[in-house]
Amino acid sequence: TRVAVLISGRGSNMEALIEAARDPAFPAEIVLVLSNKPDAAGLQTARDAGIAALAIDHRPYRGDREAHERAIDAALSEAGIECVCLAGYMRLLTPFLTGRWAGRMLNIHPSLLPAYPGLHTHERVLKAGEKQHGCTVHLVTEVMDEGPILGQAAVPVLDGDTPDTLAARVLAEEHRLYPAMLARHARGERSPLILS
Ligand code: GRF
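Here we summarise the structure given alongside this text. Bear in mind that the values here come from a model prediction, so they are computed numbers and not experimental data.

The next thing to look at is helix α1 (residues 12–21). The buried fraction of α1 amounts to seven of the 10 residues, a majority that puts the element mostly inside the structure. Where α1 is concerned, the buried positions are Ser12, Asn13, Met14, Ala16, Leu17, Ile18 and Ala21.

Dropping the structure here:
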């Protein structure tokens, strides 16, 4: 399966996907990285890994989200992409792109959805006194952070946790979960899996 990863920043989840796909037995290959931010650090990381990396800046489209998405979609089609992984991609998608890629677009979110959709999940989980937190890989639909869940990984919230210590614990699980879920999806498996 030919996969594109969409990023907006650091791209640590993208790195985890690239690393996993090095294994010849992995059922997907990361063939393209796109970012809406020309200065996204992940673009260089991808290039260093020998993967085509392209910035399609959203600013020239001045809020015409769909026009920006059409440029993204053209690049995806050009590269013969079959599946898209959003990884720290911080743009809201319109029904244009979510419709075009329905069932073939994955996202990773740092909470145990449906709890804590949206931003600043670690702060909110701590504020709420939750004892458990985690991350979710789901299929992208037109409603943000909804869509069928492919898998989740849970972590404990520990006494003394700060948003940063909690985020780091969740991120480590993200780097495990995302490659595993992409592989299952690429193999055509469709039942959700709960990793410990
Ligand atoms: C991560 O917390 C991820 O859950 C969210 O974006 C954050 C940054 O991820 N999607 P990355 O290091 O850019 O992959």
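For the pair α1 and helix α6 (residues 163–186), interaxial distance at closest approach is 9 Å and the crossing angle is 45°. When the axis of α1 is compared with that of α6, the two are oblique. Pair α1 / α6 crosses with right-handed handedness. Contact residues: Ser12, Asn13, Ala16, Leu17 and Ala20 in α1; Leu171, Glu174, His175, Tyr178, Pro179 and Leu182 in α6. Considering only residue class, the contact of α1 with α6 consists of seven nonpolar, three polar and one charged.

Analysis parameters
- Residues numbered from 1 in each chain as written.
- Predicted model: local features only at pLDDT ≥ 70, side-chain atom pairs only at ≥ 80, totals over all residues.
- Heavy atoms only, no water.
- Buried < 20%, exposed > 50% of the residue type's maximum accessible area, 1.4 Å probe, protein only.
- Helix = DSSP H or I, 4+ residues; strand = E, 2+ residues; numbered from the N terminus.
- Axes fitted to C-alpha atoms, helices over the stretch in contact; angles between N-to-C directions.
- Parallel < 35°, antiparallel > 145°, perpendicular 65-115°, else oblique.
- Left-handed = near helix turned anticlockwise from the far one by under 90°.
- Contact = heavy atoms within 4.5 Å.
- Nonpolar A, V, L, I, M, F, W, Y, C, P; charged D, E, K, R; others polar.

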